[in-house]
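An overview of the molecular structure
Residue strings, one per chain:
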Amino acid sequence: MSNLAATESRSSDATDLSKGADAKLEYQPGLPGIIEDSDLQGDDVDEAAAALRGQSLDYTEQEESRVVSKIDWRMMPIMAITCGLQFVDKSAVSNAATFGLQSDLHLHGQNYSWALAVFYFSYLGATWPSTYLLQRFHPGKVIGIACVLWGVCILAMLGVTNFGGLIACRFLLGVFEAPLSPGFMMITTRWYTQKEQPFRFGLWTLLNGWLPIPALVMFYGLGHAGGPLQPWRYIFLVLGLVTVVMGVVVFFFIADSPANAPFLNDRERAIAVERIARCQTGIKNTLWKREQFIEALTDPRVWLVVATLFLSQSGGAVTTNFIGIIIKGFGYNQLRSLLLQTPAFAIQGFICLIVTGLVSFTKTSRNLKQPLLSIAACCVIAGTGVVYSTTPTAQNRQLLLGMMYMIALNNCSFTTIMSVIGVNFAGATKKSTVSAMTFVAYCVSNIVVPQAFRGTEAPTYHTGILTVMCFQIALVICYWASWALMTLENKRRDKLQARHPHPDGEKGVDDAMQKKEDVLQGLKDLTDRENMTFRYSP
């Protein structure tokens with residue numbers, strides 16, 4: 001019992017020391033619950049485990065809350081603005097089309113659809129290299145450099161005069177935007193617990209919906225601007241300059257992992273690492289493991305989640321690339337059709353917060369992410385059904401506009417599926433492989449679906465709308481299949497644990513040692529299939 005008293009005393013000292021800017025914990029080797037050098041040996045140990053050396057694993061809820069708050073205020077604003085800019089930048093060509101880009105560049109037939117698709121061809125080709133770079137190097141530096149480079153590509157649109165120049169800029173834009181989403185997904189899983197991740201995904205993707213609103217108002221003003229350039233070129237000038245500046249901010253202010261965050265002291269780093277270790281998902285390991293790669297490719301849970309992302313992107317084809325043209329086809333002029341897109345983006349932001357907030361803060365919804373998404377998919381099915389079957393007239397254009405806003409509910413799917421991937425797969429190589437597979441599916445969907453929107457059918461795009469409706473029906477099926485598979489596996493593991501519980505021992509010392517073992521287990525770079533203490537959160 002003397003060891004237990006010493007541990008409790010050491011925990012109290014650690015709490016007091018955490019108030020200092022450079023708090024460190026002097027410790028005596030051998031005390032239960034203290035991480036020692038011998039615990040951190042081996043190639044399989046997560047690199048972040050070093051932050052736990054000599055630290056007690058006991059801390060108060062107030063300490064944890066302070067650490068999470070510091071992480072939120074440092075990371076979330078930068079990530080949200082950058083992600084919002086990425087969305088505005090890649091969809092700027094759609095806004096430019098409203099201002100005459102197609103006629104100015106002499107586009108005809110499927111040229112516009114191919115200009116949209118080529119972005120995803122290059123994004124697809126850059127996905128695997130980007131994933132490797134993000135796992136191997138500091139993700140903040142990789143994303144920061146990429147952000148500056150895609151800002152340069154946006155600025156290059158000022159000099160585009162034909163279809164070839166447009167294709168070249170869109171191709172390079174896809175290459176340099178490729179690291180952002182998988183990189184931010186990696187960062188989120190390194191810093192936040194399973195419970196916290198969905199809402200944080202919602203926060204940093206929030207501006208995907210809300211940043212386009214002031215951007216569209218700005219574009220409306222630019223549409224009335226005079227000067228030597230066509231109005232749509234000013235759009236790319238402003239966006240390019242802002243993006244380059246934001247890339248510099250990301251490069252210098254996004255931290256690599258909790259283990260080396262400069263804005264946290266030693267004690268806070270240890271708390272930040274221990275929180276994630278308890279989730280059994282790991283933080284950072286730069287070793288590439290063939291067995292984890294193969295496991296990712298052979299895991300049916302992975303393929304079902306990949307399928308959900310592939311199918312869900314069909315709705316984005318409507319709300320990102322063709323919404324301006326479709327709304328204009330309802331009988332609105334080009335400037336008003338631009339402003340009428342803003343409610344769709346507002347809905348996207350609100351629905352993301354509602355869904356991710358529900359699954360983060362309400363216990364009953366935490367494992368119902370995919371069933372909730374199936375409700376949104378059913379709304380998209382209804383919206384596309386009405387748009388497909390109704391001929392636009394002056395009398396029904398308000399109805400059709402409302403259905404377009406209903407289709408915008410689809411946009412909560414990307415955020416929530418990202419959180420499903422982040423919390424349900426463990427092992428550094430497996431997570432990066434799943435991330436790459438997911439964004440390959442993302443690209444393929446965004447290449448295939450726009451081709452169903454035939455230029456000869458503009459602005460109604462009947463074939464494209466029907467394609468989206470069919471994809472969404474298949475999506476509902478995949479959501480429920482994925483949820484059922486993960487839920488059944490959780491029940492199986494619960495039964496196994498009930499049959500083989502940890503043996504009871506001397507309370508206090510055994511609790512401290514068990515907590516230590518659980519944390520170290522979460523830092524061994526085990527996959528979700530290998531680690532039987534892992535539980536899925538579908």
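Residues numbered from 1 in each chain as written. Predicted model: local features only at pLDDT ≥ 70, side-chain atom pairs only at ≥ 80, totals over all residues. Heavy atoms only, no water.

Here helix α11 (residues 266-277) spans 16 Å end to end across 12 residues, near enough to the 16 Å set by a 1.5 Å rise per residue. Between a side-chain oxygen at the N-terminus of α11 and the backbone nitrogen of Arg 267 the separation is 3.1 Å; the capping residue is Asn 265. (Helix = DSSP H or I, 4+ residues; strand = E, 2+ residues; numbered from the N terminus. Expected span 1.5 Å × (residues − 1). Polar contact = N/O pair within 3.5 Å; in protein donor to acceptor, adjacent residues only side chain to side chain.)

With that out of the way, let us pick up the pattern of salt bridges. A full pass over the atoms with the stated rule returns 16 salt bridges. Residue Arg 190 is joined to Asp 256 by a salt bridge in which the shortest nitrogen-to-oxygen separation is 3.0 Å. With a gap of 66 residues between them, Arg 190 in helix α7 (residues 180-191) and Asp 256 in the loop between α10 (231-253) and α11 connect regions that are remote in the sequence. One exposure class covers both Arg 190 and Asp 256, and it is buried. Between Asp 299 and Arg 529 there is a salt bridge, and its shortest N-O distance comes to 3.8 Å. In this pair, Asp 299 sits in the loop between α12 (290-298) and α13 (300-328) while Arg 529 sits in the segment after α21 (509-521), placing the two residues 230 residues apart along the sequence. Relative accessible area serves as the criterion here: at 34%, Arg 529 is assigned to the partly exposed category. A single network of salt bridges, built from pairs that share partners, joins Glu 295, Asp 299, Arg 301, Lys 430, Asp 528 and Arg 529. (Salt bridge = Lys/Arg side-chain N within 4 Å of Asp/Glu carboxyl O. Buried < 20%, exposed > 50% of the residue type's maximum accessible area, 1.4 Å probe, protein only.)

As enumerated under the stated definition, the model contains zero disulfides in all. Just so you know, Cys 412 is unpaired, no disulfide at all, and the nearest cysteine sulfur is the one on Cys 352, 5.8 Å from it. (Disulfide = S-S within 2.5 Å.)

Applying the stated rule across the entire model yields 26 aromatic pairs. Each ring, one from Phe 119 and one from Tyr 120, has its centre 4.8 Å from the other, and the planes form 80°; the classification is edge-to-face. Phe 119 gets classed as buried once you look at its relative accessible area, which sits at 0%. For Tyr 120, a relative accessible area of 3% translates into the label buried. Between the aromatic rings of Trp 288 and Phe 293, the centroid separation amounts to 5.5 Å while the plane-to-plane angle is 45°, which identifies the pairing as tilted. The partly exposed category is assigned to Phe 293, whose relative accessible area is 24%. Through successive ring pairs, a cluster of aromatic residues spans Phe 119, Tyr 120, Tyr 123, Phe 414, Phe 439 and Tyr 442. Directly above the ring of Phe 251 sits Lys 141, whose terminal nitrogen or CZ lies 4.4 Å from the centroid. (Phe/Tyr/Trp six-rings, centres within 6.5 Å; stacked < 30°, edge-to-face > 60°. Lys NZ or Arg CZ within 6 Å of the ring centre and 35° of its normal.)

Between helix α2 (residues 61-98) and helix α4 (residues 111-136), the shortest axis-to-axis distance is 10 Å and the interhelical angle comes to 165°. The orientation of α2 with respect to α4, classified from their angle, is roughly antiparallel. Note on packing geometry: the crossing formed by α2 with α4 is right-handed. Where α2 abuts α4, its residues Gln 86, Lys 90, Val 93, Ser 94 and Ala 97 lie against Tyr 112, Leu 116, Phe 119, Tyr 120 and Tyr 123. In the contact of α2 with α4, the residues fall into seven nonpolar, two polar and one charged. (Axes fitted to C-alpha atoms, helices over the stretch in contact; angles between N-to-C directions. Parallel < 35°, antiparallel > 145°, perpendicular 65-115°, else oblique. Left-handed = near helix turned anticlockwise from the far one by under 90°. Contact = heavy atoms within 4.5 Å. Nonpolar A, V, L, I, M, F, W, Y, C, P; charged D, E, K, R; others polar.)

Secondary-structure assignment places Asp 266 in helix α11. Classification of Asp 266 by relative accessible area gives partly exposed; the value is 23%. Looking at Asp 266, its side chain comes within polar contact range of the side chain of Arg 269, at 2.6 Å.

Turning to helix α6 (residues 163-177), a few remarks are in order. Counted at 1.5 Å a residue, the expected span for α6 with its 15 residues is 21 Å, and the 21 Å between its end C-alpha atoms agrees. The backbone nitrogen of Gly 164 lies 3.2 Å from a side-chain oxygen of the residue at the head of α6, namely Asn 162.

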